[in-house]
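# Coordinate analysis (summary)
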Amino acid sequence: MPMWSLRRRPGRTLGLLLLLFLSFLVLRRLRVFMLSVVSVLFLVAASACPSPAVGPSPGSSAEESHLPRLNWSTLLPLWLQPRRLGLRTKGPNFMLEDSTFQIFGGSVHYFRVPKEYWRDRLLKMKACGLNTLTTYVPWNLHEPERGKFDFSGNLDLEAFIQLAAKIGLWVILRPGPYICSEIDLGGLPSWLLQDPNMKLRTTYYGFTKAVDLYFDHLMSRVVPLQYKHGGPIIAVQVENEYGSYYKDHAYMPYIKKALEDRGIIEMLLTSDNKDGLQKGVVSGVLATINLQSQQELKALSSVLLSIQGIQPKMVMEYWTGWFDSWGGPHNILDSSEVLQTVSAIIKSGSSINLYMFHGGTNFGFINGAMHFNDYKADVTSYGKYLQWFSLFLPSVYYDAVLTEAGDYTAKYTKLRDLFGTFSGIPPPPPPELTLKMTYEPMRPSFYVSLWDALLHLEDPIQSEDPINMENLPVNNGNGQAFGYVLYETTIFSSGILRGHVHDRGQVFLNRIFIGILDYKTTKITIPLTQGYTTLRILVENRGRVNYGNNIDTQRKGLIGNLYLDNNPLKKFRIYSLDMTKRFFERLDTDKWNFIPKEPTFPAFFLGALSVGIYPSDTFLKLEGWTKGVVFVNDHNLGRYWNIGPQETLYLPGVWLDKGLNKVIIFEETMAGSMVQSTETPYLGRNQYVN
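Residues numbered from 1 in each chain as written. Predicted model: local features only at pLDDT ≥ 70, side-chain atom pairs only at ≥ 80, totals over all residues. Heavy atoms only, no water.

If you look the chain up in an unreviewed UniProt entry, it shows as Beta-galactosidase from Cricetulus griseus. Quoted verbatim from the Sequence similarities (unreviewed entry) field of the UniProt record, the comment on the chain reads "Belongs to the glycosyl hydrolase 35 family." (UniProt positions renumbered as here; feature names shortened; annotations may be inferred.)

## What about the pairing of strand β29 (residues 603-611)?
Two faces make up the sheet, and in a regular strand the side chains alternate between them. Of all nine residues in β29, seven are buried, a share of seventy percent or more. Sheet topology places strand β17 (residues 446-449) next to β29; four bridges connect them, and they run antiparallel. Each residue of the ladder has a partner; that of Phe446, found in β29, is Leu606. (Buried < 20%, exposed > 50% of the residue type's maximum accessible area, 1.4 Å probe, protein only. Helix = DSSP H or I, 4+ residues; strand = E, 2+ residues; numbered from the N terminus. Pairing = 2+ DSSP bridges.)

## As for the nonpolar core
Tyr318, Val342, Phe357, Val630 and Ile665 are the most contacted members of the largest nonpolar core, which totals 124 residues. Of all the elements, helix α7 (residues 205-222) adds the most residues to this core, at eight residues. Composition of this core by domain shows at least three residues from each of domain 1 (129-322 + 335-355) and domain 2 (448-581). For Tyr318, the residues in contact, after removing those within four places along its chain, are Leu291, Gln292, Leu333, Glu337, Val338, Thr341, Val342, Ile345, Ile352, Asn353, Leu354 and Tyr355. (Core = buried A, V, L, I, M, F, W, Y, C linked by side-chain atoms within 4.5 Å. Domains from an automatic or database assignment. Contact = heavy atoms within 4.5 Å.)

## Re unusual backbone geometry
Generally, phi is negative for residues other than glycine and the peptide bonds are trans, each holding for most cases. Looking along the chain, the bond that leaves Tyr355 and enters Met356 is cis, with omega of 5°. Looking at the secondary structure, you find Met356 in strand β12 (residues 351-358). Cis geometry marks the peptide bond from His502 to Asp503, where omega comes out at 20°. With respect to the helices and strands, Asp503 occurs in the loop between β20 (495-502) and β21 (504-509). Even without being a glycine, Asp565 presents a positive backbone phi close to 50°. For Asp565, the position within the fold is in the loop between β25 (557-564) and β26 (567-568). The exposure class of Asp565 is partly exposed, given its relative accessible area of 39%.

## Describing the sheet that holds β20
Remark on secondary structure: sheet strands pair via backbone hydrogen bonds, oriented parallel or antiparallel. Strands sit in the order β23-β20-β25-β26 across an open sheet of four strands; the sheet is antiparallel. Each having just a single partner strand, β23 (523-526) and β26 make up the two edges of the open sheet. Alignment of β20 against β25, held across five bridges, turns out to be antiparallel. The residue bridging Leu497 from the neighbouring strand is Leu564, located in β25.

## As for the sheet that holds strand β35 (residues 676-678)
Overall, antiparallel pairing links the three strands, which are arranged β33-β30-β35 in an open sheet. Across the chains shown, the open sheet's two edge strands, defined by having one partner strand only, are β33 (648-651) and β35. Sheet twist, expressed as the average angle between the axes of neighbouring strands with direction ignored, equals 35°. Bridge count for strand β30 (residues 618-621) against β35 is three bridges, and the pairing is antiparallel. Considered in β35, the bridge of Leu620 is made with Ser677. (Axes fitted to C-alpha atoms, helices over the stretch in contact; angles between N-to-C directions.)

## A closer look at the pattern of salt bridges
Under the criterion given, the structure shown has 33 salt bridges. Measuring nitrogen to oxygen at the nearest pair gives 3.1 Å for the salt bridge that ties Arg84 to Asp98. On the criterion of sequence distance, the pair formed by Arg84 in the loop between α3 (72-75) and β1 (87-90) and Asp98 in the loop between β2 (93-96) and β3 (99-101) is long-range, its members being 14 residues apart. On the accessibility criterion, Arg84 (53% relative accessible area) is exposed. Given a relative accessible area of 52%, Asp98 falls into the exposed group. We note a salt bridge from Lys662 to Asp634, for which the minimum N-O separation is 3.5 Å. (Salt bridge = Lys/Arg side-chain N within 4 Å of Asp/Glu carboxyl O.)

## Structural notes on the side chain of Arg121
Within the fold, Arg121 resides in helix α4 (residues 118-127). Overall, Arg121 belongs to the buried group, its relative accessible area being 1%. The residues contacting Arg121, other than those within four sequence positions of it, are Val113, Phe357, His358, Leu402, Glu404, Ala405, Gly406 and Tyr650.

This is the structure we're talking about:
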């Protein structure tokens, strides 16, 4: 077929131009018509509905406070909305184009929720009466190796943002580079720590060079999704809570410029808690606050007023609870206090973001930690973080905005009524719940000890001295980010073994366990040995610190020399045990054995979970097991530990297949006889009301 030539067919060209002109006129009239219809509906609604129960905001008249607010996100489809001005400030108010706009936001982290459930969670957010989604962007997950980016599958940021737009939610993006978020190293890649002089979150060249390359890639994806380009992103946050860190006064201006130079044109925000608000302010950037109580709201609002004058107030993070750490109590925030505080924030004229609306799960090894006086690693469930629970004796049930599995709670219903009242717009009906299922107990059939598994893994790294995890010559020179590292050397005598182990090291003589080295226990006695003995230390990275002034020192494994009676040990064999899909591919079917009467630990156990024709969500309960990690169909569900408070692991139904599903358990100490499943998660009974 010959190619169409404008030169050969002038009549067709004129016809095409005429058609385009007529189409423009039709679309213009359609837009005017739609605006007219909306105006009529708006006036009818205004006369029929009572005005929102919100007092006049500072600087506005009483008459203005009774005018219903025009919510373009629900009255007009996105393609008909004007995109001239974007989100801006006008006195004490946010304005979206020419209308007053109050942000009712909620946080959902796409990387903590299976992609297949994104739509469900965001529809539930919309149905709760919220109008804005906020999310962090984890650099460490998106750039696991220098220059190698991953925005696929569960990390498809663009798809997540575009889905929010389709559902009718605006987006506030929080791209870091540091995000805190109770994620390993606050979302910074561990390979940054290969530089012995690294100064994270400063203008140190090694850090800014990496940030620039990352932002070059990230912003090329984000810029087209901004409001003025037709997307849902109405604001972008500059770093995260830098005021409480503040090691370099030039750092925040650098991040601001880095965003703007790469095409960020929407409103810029900062976000700080009470410890850093005054130091976190950046010229030309709107400051917002993070808090949990009404007392903090009053105090921080006064500080904001003194810092930036009359500007819109926003609580970027209203903490609806607190996170749990292994071995600690389960934290609970009283539900009545939550509702009172949310109501007080909105009545004060402030915008609000619920952190978290839906927490999801720290799948894999991505959880963070805190280390002030003691090292405390966060539990696997992030659904327990900053959400609300109630005690229903004799067991615990979830009472969050949305539970870890996305279920509704009494608080969801009450908040839905609250936001609907303040916005004056009835929210859409909530979606149906996802199915939950209790499956038959799974009994592992096969096993291989860690020591036998070593024979089938990659050859160990030979090194004169110990090498920390980040500097291991693996992953194309990027070191190891997560998991375990095994160190082996040969000793010839007994004595006192001493060294710095981050975070937890099990010590073995040959295959015999003799003790633990960690932050509190830095010495252990080696008993009498005969001849050559293999000393083994299995070190677990339990999670790098995500908040505090010590993030530069978060290297894992053996740190420095290991001494026996003050003599440094040499000639190490080091195994990288990252437990990725590639790792398990080396453990073929013929490498497994039937489980002996007395297994040798640590060990891997293999079994099959039988699922019917409708795979559904469930929770795995590892009663009788001690400490380890669970993998189902190559998905790392996260860590378990019998010290609590978390007692079950969330298993999304979308990761299950009809029929038999492969389950691998890495157990460090003692195995149970089976793995049970339940429709309801369990928590330890050691409860603490925050």
